[in-house]
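Here's the letter readout for the chains.
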Amino acid sequence: MASRTIWIVVAVVVIVAIIAAIAAMMQKPSPPPSTATTPASTSTTSSASMATTSTTTTSASVKTVTIGALLPLTGALQSYGLGSQCAIQLAVRDANQMFASKGIQFQLVVQDTATDPNTALQKLQTLYSQGIRFIVGPMASSEVSAIMNFAEQNHIIVVSQSSTSPALAVPKPYIFRLVPTDFYQANAIAALLHYLGIKRIVIVYRSDTWGQGLSAAIANASAKYGIKVLGVFGYDPSPSAMPAAEQAAVQKASAALGTPGPDAAFILVVFEQDGVAVAQAAASDPVLSKVRWIGTDGVAGSTTMVQQAGQALAAAKFLATIAAPNPNDPRYQKFVQEYKQYCGSPPVAYDPYAYDAAMFIMTAIAETGSTDPTVINSVLEQWGKNGTFVGVTGPVYLDQYHDRIYASYLIMGVTIVNGTPTWINAGFYNGTTGQITVFPQGQALFSS
């Protein structure tokens, strides 16, 4: 009995030890989950795969921030919109390389505004519903005008790469424009007309926020040089009114000008698609087809214009102005090379401004570590006062209305190269000195 009792005791002790060991194993913490993450995409995402918030944490150390873009991938500024889209995608790629050490990655969502103000507002509301509070675009001033109230009421940072209408040179707390207003462009156009010896002009313009503001500014600036403005004629820019509306405006301008001559010019304040209709109507007009044509940033460098109306533009020695970076700036030269490699073609028009608009936002977020729109808004305002941010378009100085202080313009022209209508850089207007420099390749376009 004694030995049996000893064995029973031993067995009990063993069983207790086993139970204790099992309990200890059950209390041991499991290994930590893997912290590896997939880098944020720098490409455009479709509406079906959009992020639900503008800021998400993808790991313990990497935060993903989604920015939006409102671009005219269709409509009257389609070719410009496609160029801006690639420029912004390039900016996102570059920002993700630059700010990787700060534990932040950016991704991009693009919405097509179709160059329509109502659509632009609807697409901004879509982005807002998904938690996106930082927007590049839209391009047209009419679109910016349509979204201003919603953006300001909901504290959405909007940085347009190309809105220039003087009508929007007003307080707009959450809206920034990375280009100067058309008061500057009007001065450049008036100086160009004076340089060419023009004494009489007629203006045809698209009747929207941008066209109304720029055409009025051109008329006022030209009058300071003693240039007679014989008529200013607007047209309905909606696709449903095309081409009858443009043709009617051209006929009125022809009648107002009366007779052709080397002292007369036809000013086109147009976008791409409606601009083609205006150019085609003017090319067959007995008066306007015999005078010089002058355009604006609405068509400068436009592939659509040169492809569909290039012969008429070349015959009219067409010149157009557009705000432009210093071509000798190393930052801009590097951007041109990177853009060519990334996008497959050289940058035109507002492509460098689209790049800077995106970098303006992303740099502020990365430097502050904040995604609070009110914080970023204050930073951008301060940077604009001091010229702190220096992009591929140079230092960004902003006035009290968040508009770029910038006065120099590239003068582009259309000429025939190897039998094909082609855009060339014909000259440059220095807004500081008021002087025009004619480039060697553009001399023929400046002759009478």
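The structure this text deals with has already been given above.
Predicted model only: the values in this text are computed from it and were never measured. (Residues numbered from 1 in each chain as written. Predicted model: local features only at pLDDT ≥ 70, side-chain atom pairs only at ≥ 80, totals over all residues. Heavy atoms only, no water.)

Q: Tell me about the nonpolar core, residues and numbers included.
A: F106, F266, W293 and F360 are the most contacted members of the largest nonpolar core, which totals 132 residues. Ranked by residues supplied to this core, first place goes to helix α11 (residues 351-368) with twelve residues. The next biggest cluster of nonpolar side chains, apart from the first, holds 16 residues, and it includes V144, I147, F150 and I175. (Core = buried A, V, L, I, M, F, W, Y, C linked by side-chain atoms within 4.5 Å. Buried < 20%, exposed > 50% of the residue type's maximum accessible area, 1.4 Å probe, protein only. Helix = DSSP H or I, 4+ residues; strand = E, 2+ residues; numbered from the N terminus.)

Q: Please provide a residue-by-residue account of the packing of helix α3 (residues 117-129) against helix α4 (residues 141-153), values included.
A: Put simply, α3 and α4 touch, their axes get as near as 8 Å, and they point 40° apart. Of the two possible hands of crossing, α3 and α4 adopt the one that is right-handed. Across the interface between the two elements, P117, A120, L121, L124, Q125 and Y128 from α3 touch S142, E143, A146, I147, F150 and A151 from α4. (Axes fitted to C-alpha atoms, helices over the stretch in contact; angles between N-to-C directions. Left-handed = near helix turned anticlockwise from the far one by under 90°. Contact = heavy atoms within 4.5 Å.)

Q: So, the pairing of strand β4 (residues 104-112): which residues are in play, and what are the values?
A: With eight of nine residues buried, β4 is to be regarded as a mostly interior element. When strand β3 (residues 63-71) meets β4, the two strands line up parallel, connected through nine bridges. Bridging from a neighbouring strand, L70 pairs with Q111 of β4. A crossover links β3 with its parallel partner β4, the connecting element being helix α2 (residues 78-98), and its sense is right-handed. (Pairing = 2+ DSSP bridges. Right-handed = clockwise from strand over helix to strand, strands pointing away.)

Q: Help me get a handle on the environment of G442, residues and values and all.
A: On the secondary structure map, G442 appears in the loop between β17 (435-438) and α13 (443-446). When its relative accessible area of 0% is taken as the criterion, G442 is described as buried. Once the C-alpha coordinates of G442 and M412 are considered, the two residues, 30 residues apart in sequence, prove to be 8.5 Å apart. Excluding its chain neighbours within four sequence positions, the residues that come into contact with G442 are I424 and A426.

Q: Tell me about the pattern of salt bridges, and please be specific about residues and values.
A: Per the stated rule, a full pass over the model turns up seven salt bridges. We note a salt bridge from D403 to K172, for which the minimum N-O separation is 3.0 Å. Of the two residues, D403 is situated in the loop between β14 (394-395) and β15 (409-417) and K172 in the loop between β6 (157-160) and β7 (175-177); the sequence distance between them amounts to 231 residues. A salt bridge links D263 to R200; its shortest N-O distance comes to 3.0 Å. Linking D263 in the loop between α7 (244-257) and β10 (264-269) with R200 in strand β8 (residues 200-206), this pair joins segments that are 63 residues apart in sequence. Relative accessible area serves as the criterion here: at 15%, R200 is assigned to the buried category. Here the residues in one salt-bridge network are K172, R177 and D403, joined through shared partners. (Salt bridge = Lys/Arg side-chain N within 4 Å of Asp/Glu carboxyl O.)

Keep in mind these values describe shape, not function.
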